[in-house]
Amino acid sequence: MKIQRHLLALAIGFGAMHGAQAVSQEYILPYNSLPGACNEASNAQAGGTGNTYKCAAENSWDYTVDVNAYAATTGSVFAAAKVEDWSGGFGVSYVGESGSSPQHAMDNDGKLEMLLFSFDESFALSDVKIGWPSSTYDTDISILAWTGAGDPSQALASLTSSTETSLLSTGWDLVGNYENLDDGVYRSVNGSAISSSYWIVSAFSRYGASSPNWDGAKDYMKLHSIKGQFTCVNSNAPGCNQGGGGGGGQVSEPGSLALAGLAVLGVYGVRRRRGQQAA
Ligand SMILES: [Ca+2]
Ligand SMILES: [Ca+2]
Ligand SMILES: [Ca+2]
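Quick caveat: nothing in here was measured; it's all calculated off a predicted structure.

The rules behind the values
- Residues numbered from 1 in each chain as written.
- Chains lettered and ligands numbered in written order.
- Predicted model: local features only at pLDDT ≥ 70, side-chain atom pairs only at ≥ 80, totals over all residues.
- Buried ≥ 20, exposed ≤ 12 C-beta atoms within 10 Å, placed from the backbone.
- Helix = DSSP H or I, 4+ residues; strand = E, 2+ residues; numbered from the N terminus.
- Pairing = 2+ DSSP bridges.
- Contact = placed C-beta atoms within 7 Å.

Draft legend 1. Geometry of the pairing of strand β13 (residues 196-203). When you tally the buried positions in β13, you get eight out of eight residues, the bulk of the element. Where strand β9 (residues 112-132) lies against β13, six bridges are found, and the strand directions are antiparallel. Among the inter-strand pairings, L116 is bridged to a residue of β13, identified as I200. Direction of pairing for strand β10 (residues 141-146) relative to β13: antiparallel, over a ladder of five bridges. Across the sheet, residue I141 finds its bridge partner in β13, namely A203.

Draft legend 2. Structural view of unusual backbone geometry. Cis geometry marks the peptide bond from W132 to P133, where omega comes out at 0 degrees. Within the secondary structure layout, P133 lies in the loop between β9 and β10. The peptide bond linking S211 to P212 adopts the cis configuration, its omega dihedral lying at 0 degrees. Structurally, the position occupied by P212 is in the loop between β13 and β14 (220-232). Not every positive phi belongs to a glycine, and N180 is a case in point at roughly 50 degrees. With respect to the helices and strands, the residue N180 is situated in the loop between β11 (172-178) and β12 (187-188). You can call N180 partly exposed: it has 13 C-beta atoms within 10 Å. Backbone geometry at N190 places phi at a positive 55 degrees, although glycine is not the residue there. Position of N190 among the secondary structure elements: in the loop between β12 and β13. Owing to 22 C-beta atoms within 10 Å, N190 belongs among the buried residues under this scheme.

Draft legend 3. Structural view of the environment of N68. For N68, the position within the fold is in strand β5 (residues 60-72). The exposure class assigned to N68 is buried, which follows from the 22 C-beta atoms found within 10 Å. In sequence terms N68 and K54 are 14 residues apart; their C-alpha atoms lie 9.1 Å from each other. Beyond its immediate sequence surroundings of up to four residues, N68 is in contact with T52, A80, V83 and L116.

Structure representation (structure tokens):
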């Protein structure tokens, strides 16, 4: 297909600390409805690494979340990969991976692939939707949130210095594993309402744990949308006090990490792509 469009609706919330103010609204970005919500902010080499997508929240176009991809073979640390913007949603590729379907998706066939969502507010992820495939492949996913201490930048440092089996001991927590996601249908996740500024959605992995003992079938999917809630701390997150220099829930010290935010971010991108790797 020639015109690749996709939309990611994101919602994230972070553990609220002092002064945090919960926001009840959820914001979902419907597929294909809001062109331009997601844009590639930095390019990667062909088939290569390190690009960044900036995606706007549906209800607050001046609020963006960064989307990056990482991948690792068993025993190796995670390294930057490429966010692929397909019609069904985001996939992941890395240098050396086949560009053919279904490897163009986010998968665990070869390297374990993941998408990292970085917010500047704390966000409670509540729902995830894939936009591909309909039934051909297995579609199990895993979700992690950064709950470690220290500056939030430690989340990224921990990721890029960890392997699949060591990641959960560095401040990243497994929020849950979710089996057999259906194409085009939101799946409720994060039942304990964990909040964080950093979220990982990956193809299924036990991340070193002994369970669940799901089938060994490889998983492939394109991440279409996410939603959740922000707990207002900074004033610019969706649903929080905006336009003012200091809403009621502002945090004065970034280091206090008390970010709690609730918001649903609509991340969505429209991109023209070569007709290759059609889903
Ligand atoms: Ca892939
Ligand atoms: Ca692969
Ligand atoms: Ca599986």
